Amino acid sequence: MLTFFNRGVAETTLSPQVQRDLQLVRGYWEALRRGSELPQRSDVNPRGFSGVLDRVFLIERVAKGYGRFRLSGMHLHDLLGMDARGMPLGALFEPVARERLSEALETVFEASTILDIRLEAERAIGRPALAGRMLLLPLGGDPGAQKLALGCMMTEGTVGRQPRRFAIASITREAVQLPKLALVQSRSAPVVTAPPQMRPALRLVSSRD
């Protein structure tokens, strides 16, 4: 029988180290932005996540509300009990949480929304207490290209001997401010007027007897 914490992750304080790790990933993503535009996939360099690379992943949208791991760190392998690459993001979640996840995930891809998800793992024999936070950050791309998101998964507690699945305690959404297209007003060609005809100041007058 699976059980959960009484308080829920929303009321569980994660360690300062977990908070710093989340800030490192968010700060790197922010540093990649060109002005107010979203970072591109080609901008992301694994060396930017020194110390937390095993918790960072890349999600690609394959259908509405559905994403799968394109790249993933070893921490996700430990949580799932298998290589996460090619697996749906929903594989980390309890079935009852997947509809809520799907609706929120679509806002990352279609509305450039940042998601901060507080998580709580199921508990059973071989599955000790485990809390976590997932951060999903949208990436930019050319129109018609595969939509991507950069993510990280930080946990507090012991993974245990069995694969883990999470319930959603809370989701915080933050809309990314993107540049607006400015209307360019066309300038009409200037009207060139001919200079006024000037009368000569002197006039030659000839007189004849």
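Residues numbered from 1 in each chain as written. Predicted model: local features only at pLDDT ≥ 70, side-chain atom pairs only at ≥ 80, totals over all residues. Heavy atoms only, no water.

(A) Focus on the overall build of the protein chain. Of regular secondary structure, the protein chain possesses three helices and six strands. Sequence-ordered secondary structure for the protein chain, helices as α and strands as β, is α-β-β-α-α-β-β-β-β. Looking at the 209 residues of the protein chain, the share that counts as buried comes to 40%. Relative to all contacts within the protein chain whose residues are 6 or more apart in sequence, the contacts with residues 24 or more apart total 67%. Of the accessible surface of the protein chain, which amounts to about 13,100 Å², a share of 52% is contributed by carbon and sulfur atoms. (Helix = DSSP H or I, 4+ residues; strand = E, 2+ residues; numbered from the N terminus. Buried < 20%, exposed > 50% of the residue type's maximum accessible area, 1.4 Å probe, protein only. Contact = heavy atoms within 4.5 Å. Areas by Shrake-Rupley, 256 points an atom, 1.4 Å probe, with all protein chains shown as cover.)

(B) Structural context of the pattern of salt bridges. For the coordinates displayed, the defined rule picks out 13 salt bridges. Between Glu110 and Arg61 there is a salt bridge; the shortest N-O distance is 3.8 Å. Placement of Glu110 in helix α3 (residues 98–111) and of Arg61 in strand β1 (residues 56–63) is noted, with a sequence separation of 49 residues between them. Residue classification places Glu110 among the partly exposed positions, given a relative accessible area of 46%. Judged by its relative accessible area of 21%, Arg61 falls in the partly exposed class. Among the charged side chains, a network of salt bridges with common partners joins Arg26, Glu30, Arg33 and Glu174. (Salt bridge = Lys/Arg side-chain N within 4 Å of Asp/Glu carboxyl O.)

Coordinates in, geometry out; function isn't part of it.
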